[in-house]
Amino acid sequence: MTEMKADIMQMNRQPVLSGSNLNKTYHSGGRTVHPLQNVSFEVCPGEILGIVGESGSGKSTLLRVISGLECPDSGVLTYKGFHYHGYGPEKTGKFLQMIFQNAYGSFDPRMTMERSLREGSGADRQEILRMICEVGLTEDLLERKPRHLSGGQCQRMSIARALLTHAQILLCDEITSALDVTTQAQVIKLLTEVRAAEDVSIILVSHDLALVSMICDRIMVMQDGYIVDQGKTEDVINAPSDYYTRKLLNSIISV
Ligand SMILES: Nc1ncnc2c1ncn2[C@@H]1O[C@H](COP(=O)(O)OP(=O)(O)OP(=O)(O)O)[C@@H](O)[C@H]1O
Ligand SMILES: [Mg+2]
């Protein structure tokens with residue numbers, strides 16, 4: 001192996017994104033909730049990290065904190081080793097993009113898809129056409145408004161818009177749960193394809209441990225704001241270190 005190739009491989013092992021000891025507390029209606037408790041993680045270039053855990057365990061809060069939609073109470077966030085604590089979405093949008101469960105709601109209903117894609121990314125028509133093709137859509141859909149697309153088409157449009165910004169990281173929060181099973185599989189396949197073609201890293205939040213275990217390189221299991229299990233997918237699935245992960249796994253097997 002040449003020295004240069006070894007250097008490149010070494011660089012690729014550096015995390016593109018990391019969080020360390022993240023904490024977040026909410027006070028509402030006289031109650032205190034701790035959705036993030038000393039949460040630390042790393043994502044390497046081109047990696048898909050799955051986050052699973054029951055409802056209320058803190059998954060969406062973690063994505064909102066990573067994206068700058070909310071500030072953690074304490075802890076450190078880095079992109080390529082650079083501290084970005086306190087950045088709002090307008091700044092983090094240069095390197096990461098959120099994809100939401102409700103794709104329709106993430107588009108302006110009055111705009112055509114082409115205008116939304118252009119204004120959301122600054123891309124020209126040629127770049128938009130290339131990306132539309134990459135996500136498996138056709139040019140004619142660009143003239144339509146979001147309500148005239150199917151759920152799957154709209155979700156593909158939101159992935160196209162995110163990729164057009166040249167973001168290195170996609171944060172996906174339950175992006176397939178509003179879709180039928182066949183369309184879910186297509187959108188998930190698309191994620192694995194864009195990871196390979198665009199070399200993006202993906203954090204995929206899902207209730208569905210079976211789905212996550214199919215496509216993720218590593219898995220993080222959250223419970224009550226804590227990471228209770230974390231590791232390579234095969235390790236977490238074959239030898240879960242935590243009781244809660246074993247319970248999640250058993251619930252899949254017994255379905
Ligand atoms: N803005 C807020 N104010 C007060 N509490 C909040 C707020 N946002 C979230 N929470 C609480 O924080 C906890 C974690 O919520 P979060 O949305 O991160 O969970 P989740 O793992 O994404 O759940 P789900 O799987 O249902 O989407 C929950 O108890 C929730 O009620
Ligand atoms: Mg959530």
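Quick caveat, the model's predicted, so the values are computed rather than measured.

Asker: Give me the pairing of strand 9 (residues 218-223): which residues, what numbers.
Answerer: Counted residue by residue, strand 9 has 5 buried out of 6 residues, so it is predominantly covered. Direction of pairing for strand 3 (residues 48-52) relative to strand 9: parallel, over a ladder of 4 bridges. Within strand 9, the residue paired with Gly 50 across the bridge is Ile 219. Hairpin connection of strand 9 to strand 10 (residues 226-232): 2 residues between the antiparallel strands, including Asp 224 at a positive phi of 50°.

Asker: Residues and numbers for the site of ligand 1, please.
Answerer: Neighbouring ligand 1 are 14 residues; Ser 55, Gly 56, Lys 59, Ser 60 and Thr 61 lie closest to it. Between ligand 1 and Ser 55, the relevant distance is 2.5 Å, taken from an oxygen atom to a side-chain nitrogen or oxygen of the residue. Between an oxygen atom of ligand 1 and a side-chain N or O atom of Lys 59, the distance comes to 2.7 Å. Computed on the free molecule, ligand 1 has an accessible area of 640 Å², of which 66% lies beneath the protein chains in the complex. Contributing elements (two or more residues each) for the shell around ligand 1: strand 1 (17-28), strand 2 (31-43) and helix 2 (59-67). Broken down by element, the residue count for the shell around ligand 1 peaks at 4 residues, all from helix 2. Among the residues making up the shell around ligand 1, the classes are represented as 3 nonpolar, 8 polar and 3 charged.

Asker: Kindly report on the environment of Tyr 243, identifying the contributing residues and their values.
Answerer: Along the chain, Tyr 243 turns up in helix 10 (residues 243-253). Expressed as a C-alpha distance, the spacing of Tyr 243 and Asp 229, which sit 14 residues apart in the sequence, is 9.3 Å.

Asker: Lay out the layout of surface pockets in plain terms, naming residues and giving numbers.
Answerer: The volume enclosed by the largest pocket comes to roughly 290 Å³. Lining the largest pocket, in full, are Gln 97, Met 98, Ile 99, Phe 100, Ser 106, Glu 119, Gly 120, Ser 158, Arg 161, Ala 162 and Thr 165. If you list the elements that add at least two residues to the lining of the largest pocket, you get strand 6 (96-99), helix 4 (113-121) and helix 6 (151-164). Of the residues in the lining of the largest pocket, the class split is 4 nonpolar, 5 polar and 2 charged. Estimated volume of the second largest pocket: approximately 170 Å³. Taken together, 14 residues make up the lining of the second largest pocket; nearest its centre are Gly 56, Ser 57, Gly 58, Lys 59 and Ser 60. Among the elements of the structure, strand 2 and helix 2 are those that each provide at least two residues to the lining of the second largest pocket. Looking at the lining of the second largest pocket, the element that brings in the most residues is helix 2, giving 4 residues.

The rules behind each value
- Residues numbered from 1 in each chain as written.
- Chains lettered and ligands numbered in written order.
- Predicted model: local features only at pLDDT ≥ 70, side-chain atom pairs only at ≥ 80, totals over all residues.
- Heavy atoms only, no water.
- Buried < 20%, exposed > 50% of the residue type's maximum accessible area, 1.4 Å probe, protein only.
- Helix = DSSP H or I, 4+ residues; strand = E, 2+ residues; numbered from the N terminus.
- Pairing = 2+ DSSP bridges.
- Near = heavy atom within 4 Å.
- Polar contact = N/O pair within 3.5 Å; in protein donor to acceptor, adjacent residues only side chain to side chain.
- Areas by Shrake-Rupley, 256 points an atom, 1.4 Å probe, with all protein chains shown as cover.
- Nonpolar A, V, L, I, M, F, W, Y, C, P; charged D, E, K, R; others polar.
- 1 Å grid on protein atoms, 1.4 Å probe; cavity = no way out; pocket = protein on both sides within 12 Å on 5 of 7 lines; lining within 4 Å.
- Points joined across faces, edges and corners; volume = space filled by probe spheres on them.

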